[in-house]
Amino acid sequence: MIYVLAVCAAALSGVGNAIQQRAAVRAPAGSALHWRLLAYLLRQRLWLAGLGIAVAGNIMTGASLGLGTVTLVEPLTVTSLLFALPVAAIWSRYRLGPREWIGALAVVLGLAAFLVAGQPEPGQRADAPLWQWGLAAGAIGSVTWGLVHVARRMRPQHEASVLGVGAGMLFGLQAALTSTAAHRLFDAGLPAVLTSWTPYAIVAVAAVGILLAQSAYKLAPLSVSYPAVTAAEPLAGIAIGVSVLGGALQVGPLLIVAQVVALAVMVAGVYAVAASRLVEAHHQHRFHAPHLRVGIGHHR
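Residues numbered from 1 in each chain as written. Predicted model: local features only at pLDDT ≥ 70, side-chain atom pairs only at ≥ 80, totals over all residues. Heavy atoms only, no water.

**As for unusual backbone geometry**
Part 1 of the argument: A positive phi angle, close to 65°, is found at Leu 33, a residue other than glycine.
Part 2 of the argument: Here Leu 33 shows up in the loop between helix H1 (2–24) and helix H2 (35–41). (Helix = DSSP H or I, 4+ residues; strand = E, 2+ residues; numbered from the N terminus.)

Below, the structure written as structure tokens:
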């Protein structure tokens, strides 16, 4: 049941993000990393439709996190890219080729190998002390701030990838917070959740994460911006799940090597699929207006 919910959530997330990127690239120049970007997108029906689909995926993710753990659910979020590809294929009128199938197989095999080697287990506590959350949030926030600071000095495509990493880390933190809120909801009910700090932290983290993600979508096509998000999110979620929530992964020299190799294969598969001609063709095919073409100069 947990796996079904998580994969369905990834499907909705992939489709929703593909739609959002299609809308975000239309945003006015110079709006990346500014709140006016979100103000613009909130007035776009296409983006709102993508947001609604992604939110539905987040709700399903919350349900799966309530039943399982971050270390179990988060690795499955990387499959969202596999559901974004068919959307790009339909828009671009291309068929999946060997590169896409090989990349998809690498993602699936890497994910399966990680779950088998790591065997994620739930921790002994449903929540963690506030100071531990503060340390985790401080670490994520500091790294994200550094990434944004460095990204501002890069060219748009490189900037999009770096911002995507920051967004993915924040989404991993959001998933860990959602796991805590979901467990509290199941154990104590809605009033206990609303009177705690967790849902408000989720909203704040999500807002910043969305801003970074949409800025990345604005600056570069899905093939450049989305892989970084999908690769960073599960890794950050797993790290927080183990270090803060008390989750566990099987340890041992061979198991650790297997986990690292599996994650490397999974990430390589994500990038192989995301760099396919399907997503590039989708990016080139989206619009015909000259002022919306991508790759001419350094326009933001």
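**A closer look at the packing of H1 against helix H3 (residues 45–67)**
Part 1 of the argument: Relative orientation of the contacting elements H1 and H3 amounts to 160°, with a least axis distance of 7 Å. Compared by their axis directions, H1 and H3 come out roughly antiparallel. H3 is crossed by H1, and the crossing has left-handed handedness.
Part 2 of the argument: Looking at side-chain class alone, the contact of H1 with H3 contains 18 nonpolar, six polar and one charged residues. (Axes fitted to C-alpha atoms, helices over the stretch in contact; angles between N-to-C directions. Parallel < 35°, antiparallel > 145°, perpendicular 65-115°, else oblique. Left-handed = near helix turned anticlockwise from the far one by under 90°. Nonpolar A, V, L, I, M, F, W, Y, C, P; charged D, E, K, R; others polar.)

**Examining the packing of aromatic side chains**
Part 1 of the argument: Scanning the entire structure with this criterion turns up two aromatic pairs.
Part 2 of the argument: Ring centres of Tyr 217 and Tyr 226 lie 6.3 Å apart, and the angle between their planes is 65°; this geometry places the pair in the edge-to-face category.
Part 3 of the argument: For Tyr 226, a relative accessible area of 2% gives the class buried. (Phe/Tyr/Trp six-rings, centres within 6.5 Å; stacked < 30°, edge-to-face > 60°. Buried < 20%, exposed > 50% of the residue type's maximum accessible area, 1.4 Å probe, protein only.)

**Describing the environment of Thr 198**
Part 1 of the argument: Locating Thr 198 in the fold gives a position in helix H10 (residues 198–219).
Part 2 of the argument: Residue Thr 198 is classed as buried on the basis of its relative accessible area of 0%.
Part 3 of the argument: On a C-alpha basis, the gap between Thr 198 and Leu 177 in space is 6.4 Å, while along the polypeptide they are 21 residues apart.
Part 4 of the argument: In contact with Thr 198, other than residues within four places in its own chain, are Leu 177, Thr 180, Ala 181 and Arg 184. (Contact = heavy atoms within 4.5 Å.)

**Quick notes on a nonpolar patch on the surface**
Part 1 of the argument: Together, Met 1, Leu 67, Leu 185, Phe 186, Leu 190, Leu 194 and Tyr 200 make up a nonpolar patch on the protein surface, roughly 770 Å² of accessible area in all.
Part 2 of the argument: Checked against the element boundaries, Phe 186 lands in helix H8 (residues 156–188). (Patch = residues over 30% accessible without salt bridge, like charges linked within 9 Å, V, L, I, M, F, W, Y side chains within 5 Å. Areas by Shrake-Rupley, 256 points an atom, 1.4 Å probe, with all protein chains shown as cover. Salt bridge = Lys/Arg side-chain N within 4 Å of Asp/Glu carboxyl O.)

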